[in-house]
Amino acid sequence: MACSAISAGVLNGCSDGNGGLEAIFIANGKVESITEVGGVVSAITVGGSALTPADFFKFETPRQTSSVSESATGDVSQGTTIYEQTVILILNQLQATTRDQLALMFQADSMVVVAKTNMGDFLSIGLERGAYGVSATTTSGVNFADGAKYEITISGIEAKPMMFIDAAIVEA
């Protein structure tokens, strides 16, 4: 007996897309529940309350520097499938306030992380099991034209692929 069956194909759309991220939004806490239909989340509950744009902190990214990716790994012998979601976040300018926020980010064991793509889509990272800081590199650059910046990696490992998030939850 098959556990699932593909129910539709995928057509190649127009070449009008853009890669990259506009911003990352982070809220504190572990997700208690979500309301989701067809891969689109319309509500996220943390600490007994539905998240609103006021709960998210926005981290703007310089153009053409940051990305989100997802890798699916299936193991037939173990009967498992996981989806690892990763954000590479670049923040220009070394600042004490940014340093302090990064320290707090890496202390957290569960964050609600949403990436806004340059196409205007909002994608979840570690939504149900929590996102966490994996690595951060601070660099001054070498030449005058080099960036002094932070490169942060945030990941989440999920049982389901990343979901689309209703923009009204994240951004006013």
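**Student:** Give me the packing of aromatic side chains: which residues, what numbers.
**Tutor:** Per the stated rule, a full pass over the model turns up one aromatic pair. An angle of 45° between the planes, with centres 6.0 Å apart, marks the rings of phenylalanine 25 and phenylalanine 122 as tilted. Pair noted here: phenylalanine 25 is in strand S1 (residues 21–28) and phenylalanine 122 is in strand S9 (residues 122–125), with a separation of 97 residues, a long-range link. Residue class for phenylalanine 25 comes out buried when judged on its relative accessible area of 3%. Relative accessible area serves as the criterion here: at 5%, phenylalanine 122 is assigned to the buried category.

**Student:** Tell me what's going on with the sheet that holds strand S10 (residues 132–139), and back it up with residues and numbers.
**Tutor:** Pairing within the open sheet is antiparallel, and its four strands lie in the order S6-S7-S11-S10. Single-partner strands in this sheet number two, and they are strand S6 (67–75) and S10. Strand-to-strand twist across the sheet, computed as the mean angle between neighbouring axes with direction ignored, equals 15°. As judged from the seven bridges shared by S10 and strand S11 (residues 149–158), these two strands associate in the antiparallel manner. Each bridged residue has a counterpart across the sheet, and for glycine 133 the counterpart in S11 is isoleucine 154. Where helix H1 (residues 96–107) meets the sheet, its contacts fall on strand S7 (80–92), S10 and S11, and the angle it forms with S11 comes to roughly 20°.

**Student:** Residues and numbers for the pattern of salt bridges, please.
**Tutor:** Under the counting rule described, the total for this entry stands at six salt bridges. In this structure, the salt-bridge partner of aspartate 100 is arginine 99, at a minimum N-O distance of 2.4 Å. Since its relative accessible area comes to 51%, arginine 99 is described here as exposed. The shortest N-O distance in the salt bridge between glutamate 128 and lysine 160 comes to 3.9 Å. On the criterion of sequence distance, the pair formed by glutamate 128 in the loop between S9 and S10 and lysine 160 in the loop between S11 and strand S12 (164–165) is long-range, its members being 32 residues apart. For lysine 160, a relative accessible area of 39% translates into the label partly exposed.

**Student:** Account for the environment of threonine 98, with residues named and values stated.
**Tutor:** With respect to the secondary-structure elements, threonine 98 resides in helix H1. The spatial distance from the C-alpha of threonine 98 to the C-alpha of phenylalanine 144 is 22 Å, given a sequence separation of 46 residues.

**Student:** So what's going on with the pairing of strand S8 (residues 111–117)? Residues and values would help.
**Tutor:** The element S8 is largely enclosed, with a buried count of seven among its seven residues. Covered by surrounding structure in S8 are Met111, Val113, Ala115 and Thr117 together with Val112, Val114 and Lys116, the residues of both alternating faces. Note that S1 and S8 share seven bridges and pair antiparallel. Counterpart to alanine 27 in the pairing with S8 is valine 112.

How each quantity is defined
Residue positions within a chain follow its written sequence, with the count starting from 1. Totals for whole chains, interfaces and linings use every residue, but because this is a predicted model, local features are given only for residues with pLDDT of at least 70 and side-chain atom pairs only at 80 or more, for both listing and counting. The basis for every side-chain value is the complete set of non-hydrogen atoms in the structure, without hydrogens or water. In this scheme Phe, Tyr and Trp rings, the latter by its six-membered ring, pair at centre separations within 6.5 Å, and the angle between planes marks the pair as stacked below 30 degrees, edge-to-face above 60, and tilted otherwise. Strands here are runs of E lasting at least two residues and helices are runs of H or I lasting at least four, both read from the DSSP assignment and numbered beginning at the N terminus. Relative accessibility under 20% of the residue-type maximum defines a buried residue, over 50% an exposed one, and the middle range a partly exposed one, all with a 1.4 Å probe and only protein chains included. Pairing between strands is defined by DSSP: at least two bridges between them are needed. For helices, the fitted axis covers only the stretch in contact; all axes are lines through C-alpha atoms, and the angles between them, taken along N-to-C directions, range from 0 to 180 degrees. Every residue pair with non-hydrogen atoms within 4.5 Å of one another is taken to be in contact. In the sections that follow, a salt bridge refers to a side-chain nitrogen of Lys or Arg positioned within 4 Å of a carboxyl oxygen of Asp or Glu.

Spatial relationships are all this shows, so hold off on functional conclusions.
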